[in-house]
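Listed below are the residues making up each chain.
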Amino acid sequence: MKAKIYYITADSRAFAYESGLEGKFENFLKGFDLTAYITRDEVVPIKMHLGNRGAFRTIRPQFVKLVVDAVKNVPAQPFVTDSVRVPGYEYLEIAKNAGYTHLTLGAPVVLADGIYGNDSLKVKAGELLGEVSIASAIHDARSMVVLTHVKGHIQAVLGGAIKNLSMGGVSLAPRNGSWQQGRGKMHFLMGDIMEWDEEKCTLCHDCMNICPVESITFPDDKYTVDKEKCWRCGRCARVCPVEALAVPVTHEIFMKALAEGAKAVLDTFDEHRILYVNFLLEMQPECDCMPMADPPVAQDQGILISDDPVAIDTATLDILSRIKPLPDSRASDITMKEGWDIFSLLHKKDGRLQLKEAEHLGLGSSDYELIKVG
Ligand code: SF4
Ligand code: SF4
């Protein structure tokens, strides 16, 4: 059976609230049966990425509030959450400044793996990852709503529902473990330190400045990492302007590990307990982890809703294979090619690989039916 995906397009046909995306999304949620996923009175994480300082192109609080209200109408008890991506206290400040507060959303904003990012539980994962630590507030939940701001990603290519589940659900490290059981393992499957090319390095120190835990120094102008402090987040390699740093993993192995991480998170839930909402809005080339925002590479497309993470990300890339790159964006020089999406062309890697791996692991189906609503 084909997976159902509801598609609310971004266009508006009239100067009326009901005609705009927010109004159409609200109407959709009012008519949608969330009790198929969420049981009365349970506590429900609404998983999203809370952004970073300067990364203002995240999901607007108005949309998050509509989902909070819909969960409350079950009736159930929602909280908005993500695992720690920059030090926890700082991440809560970032969330507040982005407009994600109890007051604005109508639900508490909670760090899924605690203020120190180590409140997590180890579970079995696949052959690459072995064991991973799942953020406790996600691990212990019975149902969940996953809100994903669709964007590009230098390594995963697509920042979609699968990446949100995997990188966001797997914590940095368990209380009594190390990065080996954390999300950083996905980046470091073929070594425990970045590969540094001294010949290429211009000593610009961009890597040092982006590191969320200040683990990089340059004694005698040599890239040096404090291995104990390093989260293995991969950001130092991503920002290097001359590719002097490389994460020790191939694209193929990383994509497999990403799918394994998503499966480990999904395995903590019973079937049909998670709803996914992809926001194809303000789609910038890079992850919301970065401390800045770039102009969107494609025009706003709207919102997709499904209970199948493979289907919703496949539909996302299918839509992004038919768009025109926006002028004055990082994709402005790209010529679209049949069967290729804008993020794969931009990052020069196959973004569908993560979906193929996820489908292979049984996370969902790439066969879907798109149902336009509103
Ligand atoms: S960002 Fe790259 S070029 Fe700049 S100091 Fe770091 S390794 Fe060297
Ligand atoms: S991978 Fe790089 S940026 Fe991330 S914590 Fe380690 S040294 Fe810092």
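Predicted model, so just to flag it, every value in this text is computed and none were measured. (Residues numbered from 1 in each chain as written. Chains lettered and ligands numbered in written order. Predicted model: local features only at pLDDT ≥ 70, side-chain atom pairs only at ≥ 80, totals over all residues.)

Caption draft 1: Main features of the domain arrangement of the protein chain. Per the domain assignment, the segments of the protein chain are domain 1 (3–185 + 251–373) and domain 2 (191–246). Inter-centroid distance (C-alpha atoms) of domain 1 to domain 2 is 28 Å. Contact with domain 1, which involves eight residues of that partner, is made by seven residues of domain 2. Residues belonging to the side of domain 1 that touches domain 2 are distributed by class as follows: six nonpolar, two polar and no charged. (Domains from an automatic or database assignment. Contact = placed C-beta atoms within 7 Å. Nonpolar A, V, L, I, M, F, W, Y, C, P; charged D, E, K, R; others polar.)

Caption draft 2: Representation of helix α10 (residues 309–319) in the model. In terms of residue burial, α10 counts as a mostly covered element, since ten of its eleven residues are buried. Those residues of α10 lying buried are Pro 309, Val 310, Ala 311, Ile 312, Asp 313, Thr 314, Ala 315, Thr 316, Leu 317 and Ile 319. (Buried ≥ 20, exposed ≤ 12 C-beta atoms within 10 Å, placed from the backbone. Helix = DSSP H or I, 4+ residues; strand = E, 2+ residues; numbered from the N terminus.)

Caption draft 3: Structural view of the sheet that holds strand β7 (residues 144–149). The mixed open sheet is built from eight strands, whose spatial order is β4-β3-β2-β7-β14-β15-β1-β16. In the strand order of this sheet, the two ends are held by β4 (109–111) and β16 (368–373), each with one partner. Going from strand to strand, the sheet's axes swing by 25 degrees on average, the running direction of each strand aside. Sheet topology note: the strand β2 (residues 43–47)/β7 ladder contains two bridges and is parallel. Bridged to Ile 46 within β7 is Val 145. This element, helix α1 (residues 21–31), spans β1 (3–9), β15 (302–306) and β16 of the sheet and lies at about 145 degrees to β1. (Pairing = 2+ DSSP bridges. Axes fitted to C-alpha atoms, helices over the stretch in contact; angles between N-to-C directions.)

Caption draft 4: View of the environment of Tyr 223. Checked against the element boundaries, Tyr 223 lands in the loop between β11 (216–217) and β12 (224–225). With 23 C-beta atoms counted inside 10 Å, the residue Tyr 223 sits in the buried group. Separated by 16 residues in sequence, Tyr 223 and Cys 207 have C-alpha atoms that sit 9.2 Å apart. Contacts of Tyr 223, omitting those with residues within four sequence positions, involve Trp 196, Cys 201, Ile 216 and Phe 218.

Caption draft 5: Here's a closer look at the environment of Pro 327. Following the sequence through the fold, Pro 327 ends up in the loop between α10 and α11 (342–347). Taking the C-alpha atoms as reference, Pro 327 lies 9.4 Å from Pro 295; in sequence the two are 32 residues apart.

Caption draft 6: Main features of helix α9 (residues 251–266). Taking 1.5 Å as the rise per residue, α9 with 16 residues should run 22 Å; its terminal C-alpha atoms sit 23 Å apart, in good agreement. Burial within α9 is extensive, with 13 of its 16 residues counted as buried. (Expected span 1.5 Å × (residues − 1).)

Caption draft 7: Quick peek at the pairing of strand β3 (residues 77–82). Within β3, five of the six residues are buried, which leaves it mostly tucked inside the rest of the structure. The pairing of β2 with β3 spans five bridges and is classified as parallel. Looking at the pairing, Val 44 lines up with Pro 78 of β3. Handedness of the β-α-β unit built from β2, helix α2 (residues 61–72) and β3 comes out right-handed. Two elements, β3 and β4, share three bridges in a ladder whose sense is parallel. Within β4, the residue paired with Asp 82 across the bridge is Leu 111. (Right-handed = clockwise from strand over helix to strand, strands pointing away.)

Caption draft 8: Main features of the site of ligand 2. Looking at ligand 2, there are 14 residues lining it, with Cys 211, Cys 230, Trp 231, Cys 233 and Cys 236 nearest. Residue classes in the shell around ligand 2 are distributed as ten nonpolar, two polar and two charged. (Near = placed C-beta within 6 Å.)

Caption draft 9: Seen up close, the packing of helix α6 (residues 161–169) against α10. At a closest axis distance of 8 Å, the pairing of α6 and α10 adopts a crossing angle of 130 degrees. Between α6 and α10, the angle is such that the two are oblique. Residues Ala 161, Ile 162 and Leu 165 of α6 form the contact with α10, whose own contacting residues are Pro 309, Ile 312 and Asp 313. (Parallel < 35°, antiparallel > 145°, perpendicular 65-115°, else oblique.)

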